[in-house]
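These are the residues of each chain, in order.
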Amino acid sequence: MHLEFWYALLVFLHALLFVYWLGGDLGVFYASRFRNNSAYDIKTRQVVGKITADIDMAPRTTLVLMLPVGFSVAVASNRIAMDALWLIPLWVGSLAWLALVWWLHIEKDTAKKQPWAKNDLRLRLLLLAVLTVLGVYSLATREPIADGWLAIKVLIFAACIFCGYMIRVTGRPFFEATQRMNKEGPSPELDAILRATASKPRLWVKFIWGFVALAAFIGLWKPIL
Amino acid sequence: MDWQVFWIFIHVALLVYWLGADISVFLTSLRVKNANYSKETRMALVKVLNFVNWFPSGANMFMLPVGLMLADGLGHSPVTGWWLVLVWVAAFAWLRLIWVAGNKRGTPEGKRLSTIDLYLRYALIALLVVVGVMSLATGEPFTAAWLAVKLLLFAYVLCMGLGIRFSFANFGPTFGRIMAQGSTPELEKEITRLTYAVKPWVLLLWGGLVVMGYIGIAQPQF
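Residues numbered from 1 in each chain as written. Chains lettered and ligands numbered in written order. Predicted model: local features only at pLDDT ≥ 70, side-chain atom pairs only at ≥ 80, totals over all residues. Heavy atoms only, no water.

Right, let's get into the nonpolar core. Residue and element names in this part refer to chain A. Counting residues in hydrophobic clusters, the biggest one holds 137 residues, and the most contacted among them are F18 and L131. When sequence neighbours within four positions are dropped, the list of residues in contact with L131 reads L67, F71, V154, L155, F157, A158 and I161. Ranked by size, the runner-up nonpolar core spans six residues in total, among them F174, A177, L194 and A198. (Core = buried A, V, L, I, M, F, W, Y, C linked by side-chain atoms within 4.5 Å. Buried < 20%, exposed > 50% of the residue type's maximum accessible area, 1.4 Å probe, protein only. Contact = heavy atoms within 4.5 Å.)

Turning to the packing of aromatic side chains, a few remarks are in order. Tallying each qualifying case throughout the model produces 26 aromatic pairs over all chains. Seen in terms of ring centroids, F34 of chain A and Y40 of chain A are 5.4 Å apart; in terms of plane orientation they differ by 50 degrees. Their pairing is tilted. Taking the relative accessible area as the measure of exposure, F34 of chain A reaches 7% and is therefore buried. Centre to centre, the rings of W54 of chain B and W99 of chain B are 4.6 Å apart; their planes meet at 50 degrees, and the pair counts as tilted. (Phe/Tyr/Trp six-rings, centres within 6.5 Å; stacked < 30°, edge-to-face > 60°.)

Right, let's get into the environment of L204 of chain B. Residues and elements named next belong to chain B. Among the structural elements, L204 can be located in helix 7 (residues 185-218). Residue L204 is classed as partly exposed on the basis of its relative accessible area, which comes to 42%. Measuring from C-alpha to C-alpha, the distance between L204 and W146 comes to 20 Å, with 58 residues separating the pair along the chain. Apart from residues lying up to four places away in sequence, L204 is in contact with Y156 and M160. (Helix = DSSP H or I, 4+ residues; strand = E, 2+ residues; numbered from the N terminus.)

Quick look at the side chain of T44 of chain A now. Mapped onto the elements of the fold, T44 of chain A is located in helix 2 (residues 42-55). Looking at T44 of chain A, the relative accessible area reads 0%, which means it is buried. Reaching out from T44 of chain A, the side chain makes a polar contact with the side chain of T41 of chain B at a distance of 2.7 Å. Sequence-distant contacts of T44 of chain A, defined by excluding residues within four places in its chain, comprise S38, E40, T41 and A44 of chain B. (Polar contact = N/O pair within 3.5 Å; in protein donor to acceptor, adjacent residues only side chain to side chain.)

Glancing now at the pattern of salt bridges. Taken as a whole, this structure holds 14 salt bridges over all chains when the rule is applied. Through salt bridges with shared partners, a single network forms among D120, R124 and R168 of chain A. (Salt bridge = Lys/Arg side-chain N within 4 Å of Asp/Glu carboxyl O.)

Quick look at the structure:
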């Protein structure tokens, strides 16, 4: 199984993205328990909140890069009927999207961020639609992706985007309560909201873990489907 | 399904919880040194640090047995059959050792177990270097050169781990003193110094893991 240098590098990058996606999430998941714990003072919870937001950039970054890297691997291994030239706009677009995701993290002015956060969400929904169509169409017609397992990986990636969307939707009351806590200070009422709303987005996070691990496993296994 | 696929997946998953989890350890440790944070805040951060750090430690223990399973599957390894069982038993025993040592940190028993762990690491590093160099030179006992290089790199990674351990050894006691007696400029200076001293070792360790990951995928001819 000797691979050419560049192809091996791509496959390796693909695996490395998996590493930082799932591995980064571990810290976010554990540390967020401190952020949500009313036994800790507000300052502690804010600091932990900052750290979780920083660590969370690992899975956020890898999700965006997984798209061009995954397609590059598929093109390089002739598993998708797609001209390699299409990779150029895909990479440029993905890097621009990545820049947006990072800007949304670094910029503190929420009013300035809001329209762009909406655009980011729109882009995710568009990708969700495009990738779902691509996956289902390929499974049905074996074009442009001939291998069933790879079409399934595309669908799993779409499912991850969907879960990310659901984290945002179900996490909104939680996020708003956090914002209020930062402004007004903690109160039993806000803590009750935080406790009640923290579990739903967590469930979607766990779904993503399952999907990401499954996608990695299918990618290694390459079953005939 | 080929069992080899299963073990490759576990091998990569170990990298996930080693290299991937280390990001959290790294980013959290950069904040612990902030003297402006309250004791409570810093204590919470150390708790996060201690918990997440178990994952790289555990992954470190199982990387070798899982790697040897894969090498056996490829027919490149002399470690087969019952020898593999022995390696697995040893890995679990070792994990148990560092777990108990970690929980009894600061006691004489904890110190004794930690010393045993240290000597086991020295022995493993020596063994890996001898076997790696022999395999590179003669094609035996490991029959693939890239695998021999990975064994040598694993020895390198273990050395970087020791670098982290020695350069960061004073962190626990110093942090404990801040918690017990309150912050002083000297103690904070020491905490900051330790946080910077450990950094190069961490980055060098990550570099080793990244190169190992690449070699495992590319399996180049040397």
